[in-house]
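The chain contents come next:
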Amino acid sequence: MTVDPISQLLALDRAHVWHPYSAMNGEQPVYPVVSAEGVRLKLADGRELIDGMSSWWCAIHGYNHPVMNAALISQLDAMAHVMFGGLTHPPAVKLAKRLVELTPAPLQSVFFSDSGSVAVEVAMKMAIQYWHARGRSGKQHFLALRGGYHGDTFGAMSVCDPVTGMHGLFSEVLAQQFFVDSPSCRFGDPCEHNDIAPLSEQLDTHAGQIAAIILEPVVQGAGGMRFYSADYLRHVRELCDRFDVLLIFDEIATGFGRTGKLFACEHAGVTPDMMCVGKALTGGYLSLAATLTTVQVSETLSGGDPGLFMHGPTFMANPLACAAGLASIDLLVTSPWQERITGIEQTLRAGLEPCREFAWVKDVRVLGAIGVVELAAPVDMQVVQPQFVEAGVWVRPFGKLVYLMPPYIIGQSDLQQLTAAVVEVVSACGQS
Ligand SMILES: *Cc1c(COP(=O)(O)O)cnc(C)c1O
């Protein structure tokens, strides 16, 4: 008896493989992908799905891009990896220079790591070491926004939303941090005194313990897909300066054009002391992230006790990943990315608008190449996931949020098919 290879693959997957945020009970179906090209994922049964997720903010140029492929093959011929302790190499140095050029001017020092979560850990450790170097060792806590998401490792988790970050479950090991509600002032609106008061009160009381404020500028991603006023960031910057607290921007989701600016902080014209980037950094090819800091931070840290930054991942500045980063950034900045984002924004707005009619939809919002339909109740993934696949699209809602963030290269008709599928699936959500 022969078992077909796909059934075999799925049986082994069910038996042995964890997937993100899932249980090992075989109840959540997964779809086998065999290849991907442009904005299309090809399933093992031959079906093709239009990708609405960019593989979680990453695949901004789509899949199997010839320029990206060529850059990686060429780097592979030189070397795949070499340790970064005591050695350096062109892809890392060139990418660091590129990141310094693209990000706000005061950010000059780059620490490479393997994932966004680790880039956040690095920023947090740097902030603590910075204050230690300045003789302020009491500043070991962080202030974060509710509804935020900064990653899945313990340090990053401690600054995630306390509820969705499951602080209760991990209360014995999670560092205690300070939180304020995420701002209610909407994107495009100014910030009122009420929006900023909770933050200034917390700082007024606890600044002596707070090393840094960490937040996702303008768009809170996995913690709720909320957009808020850029004006808020200007107030945050002022407060940080007034209370001697560093400012960390987590641009891991928002970086590289997604919100319509290369980095979301440009909406506010505000420069942080540290910035984390990841996700789209390599155009979705390899896992790479970076923490950038000002010279003030890097020099103070390096000049104090112990005089070294205490972190160094094994695969730090992996040459293949850095080569992918360089190629991806070149592709992005030489493309008409702003026009593309504006075009995507318009199509998302028009295409998702019909969802507003449904009584079970709480909000429809679009910013740059991010389109969000927020329902009043969580969607049933067992029901909606197959519906999206049937409709020929790859959309992966979470909780109450059905959202699209397609690759920047997506064409009009593919994008319209994505929004039509969202409208269709969301319309059926109210009928159960
Ligand atoms: C995804 C994400 C992270 C974590 O990045 P990983 O690469 O998954 O560790 C951190 N912050 C934000 C804003 C993110 O969207």
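These notes cover the structure that comes with them. Because the structure is a prediction, the values reported are computed rather than measured.

Residues of strand E2 (residues 40-43) alternate between two faces, with Leu41 and Leu43 buried on one and Arg40 and Lys42 left unburied on the opposite face. Note: strand E1 (residues 33-37) against E2, four bridges, orientation antiparallel. Paired with Glu37 across the bridge in E2 is Arg40. If you look at the hairpin formed by E1 and E2, you'll find two residues sitting between the two strands, and Gly38 has a positive phi there, around 60 degrees. In this sheet, strand E3 (residues 48-51) lies alongside E2 in antiparallel orientation, the contact comprising three bridges. For Lys42, the partnering residue across the bridge sits in E3 and is Glu48. The antiparallel pairing of E2 with E3 creates a hairpin that spans four residues between the two strands, and Gly46 there sits at a positive phi of about 95 degrees.

Let's shift gears to helix H9 (residues 295-303). Buried within H9 are the following residues: Val297, Ser298, Thr300 and Leu301. Those residues of H9 that are buried are in contact with strand E4 (107-113), helix H5 (116-133), strand E10 (246-250), strand E11 (274-277) and strand E12 (289-294).

For the structure shown, the criterion picks out zero disulfides. Summary of cysteine pairing: Cys160 is not part of a disulfide, and the nearest cysteine sulfur, belonging to Cys276, is at 12 Å. Not engaged in a disulfide, the cysteine Cys429 finds its nearest cysteine sulfur in Cys355; these two sulfurs lie 9.3 Å apart.

For the coordinates displayed, the defined rule picks out eight aromatic pairs. Between the aromatic rings of Tyr130 and Trp131, the centroid separation amounts to 4.8 Å while the plane-to-plane angle is 80 degrees, which identifies the pairing as edge-to-face. The pair formed by Tyr130 and Trp131 is uniform in burial state, with each residue classed as buried. An angle of 85 degrees between the planes, with centres 5.6 Å apart, marks the rings of Tyr228 and Tyr232 as edge-to-face. Tyr232 carries the same exposure label as Tyr228, and that label is buried. The ring of Trp131 has Lys139 sitting right over it, with the charged end atom 4.5 Å from the ring centre.

Inside soluble globular proteins, nonpolar side chains tend to come together where they are buried. Ranked by size, the top nonpolar core spans 133 residues in total, and within it Phe112, Leu199, Ile213, Tyr232 and Phe256 carry the most contacts. In terms of residues, this core owes the most to one element, H5, which gives ten residues. Looking at this core, you find at least three residues from each of domain 1 (31-64 + 336-429) and domain 2 (68-333). Residue contacts for Phe256: discarding those within four places in its chain leaves Ile60, Leu99, Leu262, Phe263, Val277, Gly278, Ala280, Leu281, Ile329, Leu332 and Tyr408. By size, the runner-up hydrophobic cluster in this structure holds six residues, among which are Met68, Leu72, Leu320 and Ala324.

Around the ligand sit Ser115, Gly116, Ser117, Tyr149, His150, Gly151, Glu216, Asp250, Ile252, Ala253 and Lys279, and those are all the residues in its vicinity. Within the contact set of the ligand, a nitrogen atom lies 2.6 Å away from a side-chain nitrogen or oxygen of Asp250. With respect to the ligand, the side chain of Lys279 contributes an N or O atom lying 2.6 Å from an oxygen atom. Coverage of the ligand by the protein amounts to 83% of the 380 Å² it exposes when considered alone.

Within the open sheet, the three strands sit side by side as E13-E14-E16. Their pairing is antiparallel. If you trace the sheet from one side to the other, it starts and ends with strand E13 (361-367) and strand E16 (401-404), each paired once. Between one strand axis and the next, the sheet turns by 10 degrees as a mean value, whatever way the strands run. In this sheet, strand E14 (residues 370-375) lies alongside E13 in antiparallel orientation, the contact comprising six bridges. When the bridges of E14 are listed, Val366 appears paired with Gly371. In the packing of helix H13 (residues 412-429) onto the sheet, the strands contacted are E13, E14 and E16, and the crossing angle to E16 comes to about 170 degrees.

At a minimum axis separation of 8 Å, H5 and H9 run at an interaxial angle of 60 degrees. As far as their axial angle goes, H9 and H5 are oblique. For H5 against H9, the interelement crossing comes out left-handed. Here H5 contributes Met126, Gln129, Tyr130 and Ala133 to the contact with H9, which in turn contributes Gln296, Val297, Thr300 and Leu301. Of the residues contributing to the contact of H5 with H9, the split by class is five nonpolar, three polar and no charged.

Calculation rules
Residues numbered from 1 in each chain as written. Predicted model: local features only at pLDDT ≥ 70, side-chain atom pairs only at ≥ 80, totals over all residues. Heavy atoms only, no water. Buried < 20%, exposed > 50% of the residue type's maximum accessible area, 1.4 Å probe, protein only. Helix = DSSP H or I, 4+ residues; strand = E, 2+ residues; numbered from the N terminus. Pairing = 2+ DSSP bridges. Contact = heavy atoms within 4.5 Å. Disulfide = S-S within 2.5 Å. Phe/Tyr/Trp six-rings, centres within 6.5 Å; stacked < 30°, edge-to-face > 60°. Lys NZ or Arg CZ within 6 Å of the ring centre and 35° of its normal. Core = buried A, V, L, I, M, F, W, Y, C linked by side-chain atoms within 4.5 Å. Domains from an automatic or database assignment. Near = heavy atom within 4 Å. Polar contact = N/O pair within 3.5 Å; in protein donor to acceptor, adjacent residues only side chain to side chain. Areas by Shrake-Rupley, 256 points an atom, 1.4 Å probe, with all protein chains shown as cover. Axes fitted to C-alpha atoms, helices over the stretch in contact; angles between N-to-C directions. Parallel < 35°, antiparallel > 145°, perpendicular 65-115°, else oblique. Left-handed = near helix turned anticlockwise from the far one by under 90°. Nonpolar A, V, L, I, M, F, W, Y, C, P; charged D, E, K, R; others polar.

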